[in-house]
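Given next are the chains, with one letter for each unit.
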Amino acid sequence: MPIRLHDSLTRQTLELKPAQKDGVYRFYNCGPTVYAPAHIGNFRTFVINDVIRRLLELEFPGKVKHVRNLTDVDDKTIRRAQDEQRPLAEVTRQWTDKFHADCAALNCLPPHVEPTATGHIHEQVDMIDVLMKKGNAYRAADGSVYFKVSSFDGYGALSRVKERELQAGSAMKATAADADEKEDVSDFALWKAHKPDDGANAWDSPWGRGRPGWHIECSAMSKKHLGDTIDLHTGGVDLLFPHHENEIAQSQCCNGTLFSHHWYHSEHLLVDGKKMSKSLGNLYTLDELVAKGFSPMALRYALLMGHPRKQLSFSLDSMHAAESALTTLKNFRATLLPGAGLGHDAFGPVLQALHDDLNTPAALGALFTIVNRYAGEVDAASFDRAIFALGLDLNAAAAPQATAPAAVTALAEKRWAAKQAKDFAAADALRKELTGAGWSMLDRKDGYSLEPVKK
Ligand code: AMP
Ligand code: ZN
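Residues numbered from 1 in each chain as written. Chains lettered and ligands numbered in written order. Predicted model: local features only at pLDDT ≥ 70, side-chain atom pairs only at ≥ 80, totals over all residues. Heavy atoms only, no water.

1. A closer look at the environment of V64
- When you line up the elements, V64 lands in strand β4 (residues 64-68).
- Judged by its relative accessible area of 9%, V64 is buried.
- Sequence spacing of V64 and L239 is 175 residues, and the spatial spacing of their C-alpha atoms is 23 Å.
- When near neighbours in sequence (up to four residues on either side) are disregarded, V64 contacts Y25, R53, L56, E57 and H112. (Helix = DSSP H or I, 4+ residues; strand = E, 2+ residues; numbered from the N terminus. Buried < 20%, exposed > 50% of the residue type's maximum accessible area, 1.4 Å probe, protein only. Contact = heavy atoms within 4.5 Å.)

Here's what the structure looks like:
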């Protein structure tokens, strides 16, 4: 079943398939800027990208290469390090670790490669050098290097920026501090000459000391780890312009070939219908939701409740609904018997909805329709495949669950068999043994679960 996904460049829904002969699917996802905890809006984007990754893994097993960068040098990271009077690398390490912990709690698969901007200065300098030699870039008097937008005919194809410019005046206003240095207001920085504010955060280059502009890092890291042409490039909708437009310009002018076959942008998360912002006090982090008693998995579920290409309004009510949905799914999983419904892909409609332009609300709807229709009669593998694609870790869903040791599970299996054979005396004796070992066995119609005895 092909995966079909909206392409922001052609505005069509296109099939995801590897373009190169080796069959490897090359997927680049713009990562976080590591200077503070990522908020739940950021995580909407990363969770959606994780579902894409999971669908790719199911479709092209062992043939997916997922790269997601870390922006560890820019104005925000440098300012944070200076405010705290700490080295930049220490601050970005702290927030990278936090980002990894949050991603793990949200059950996001780690990318195969997670390159950093500061770890790829050479690659960025090399690319800028080629752009200079090809006449797509120029050095300003202060030592900064700019990309000459007028040198690339294809500029604006992704964001239709030229159309927007005509409609709404200049979309690229000359508000930037570097406006004086540029030949044209729409040109953007590839290399920023060192300024006293940057402190020790500068590197040598053929144009003098400085640091890379933000956009070039993704072009350089994508080229290094995935090659000149990739299959899919993604990010939140705010990255479409100028970030991705600029990436296309840099990469295509440098490499002389198509940059990405497919572009996908997911929409933003709002809170109670408003943009998340610090001043409105409606900007949540994962930790804040956990402190309110919610599980990270409930956040993942809530983030999937809206269509990824539509804005989603987050509310605490949706978190309550998500917790209760996860409990239902967990209980349903416990009723599935080995061997039941084997080979019948009852949960196929969940995958179908995801393959149809990542329709996560339709997938969750299909999941519950099937859960409500069957009890214990479906193939566990079919259910598990659907749950894997959505990335729901049902064991991590509610409050932390204890796992029964093997000896306890063996006793429980024996008791279940005795009960099925209607040997109730043996079943009662085994229940006592289980209680003595500190475990209670909860019987359901088609199975059982084990819980530590409540003290
Ligand atoms: P940043 O760390 O700011 O570079 O952002 C990381 C990712 O989060 C990018 O793909 C952004 O497009 C995305 N993002 C930022 N704000 C939101 C939001 N409110 N909802 C969804 N995604 C967002
Ligand atoms: Zn990027």
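2. Regarding the packing of helix α4 (residues 121-133) against helix α7 (residues 240-255)
- Taken N-terminus to C-terminus, the directions of α4 and α7 make an angle of 70 degrees; their axes are 9 Å apart at the nearest point. As the angle between them shows, α4 and α7 are arranged roughly perpendicular. For the pair α4 and α7, the sense of crossing is left-handed. Here M127, V130 and L131 of α4 lie close against α7, whose contacting residues are Q250, S251, C253, C254 and N255.
- Tallied by class, residues from the contact of α4 with α7 come to 5 nonpolar, 3 polar and no charged. (Axes fitted to C-alpha atoms, helices over the stretch in contact; angles between N-to-C directions. Parallel < 35°, antiparallel > 145°, perpendicular 65-115°, else oblique. Left-handed = near helix turned anticlockwise from the far one by under 90°. Nonpolar A, V, L, I, M, F, W, Y, C, P; charged D, E, K, R; others polar.)

3. As for the confidence of the model for the protein
- Mean pLDDT over the protein: 92, with 93% of residues reaching 70 or higher.
- The low-confidence segment residues 168-175 (pLDDT under 50) makes 11 contacts with residues lying over four places distant or belonging to another chain. (pLDDT = per-residue confidence, 0-100.)

4. A few points about the sheet that holds β4
- Strand order in the open sheet formed by 4 strands is β4-β3-β9-β10, and the pairing between neighbours is parallel. Each of the sheet's edge strands pairs with one partner strand only, and the pair in question is β4 and β10 (263-266). Strand-to-strand, the axes of this sheet are offset by a mean angle of 20 degrees, without reference to chain direction.
- Looking at chain direction, strand β3 (residues 25-29) and strand β9 (residues 232-236) are connected through 3 bridges and run parallel. In the sheet register, Y28 faces β9, and the bridge partner there is H233.
- Sheet strands in contact with helix α1 (residues 40-59) are β3, β4, β9 and β10, and its direction is about 175 degrees off that of β3. (Pairing = 2+ DSSP bridges.)

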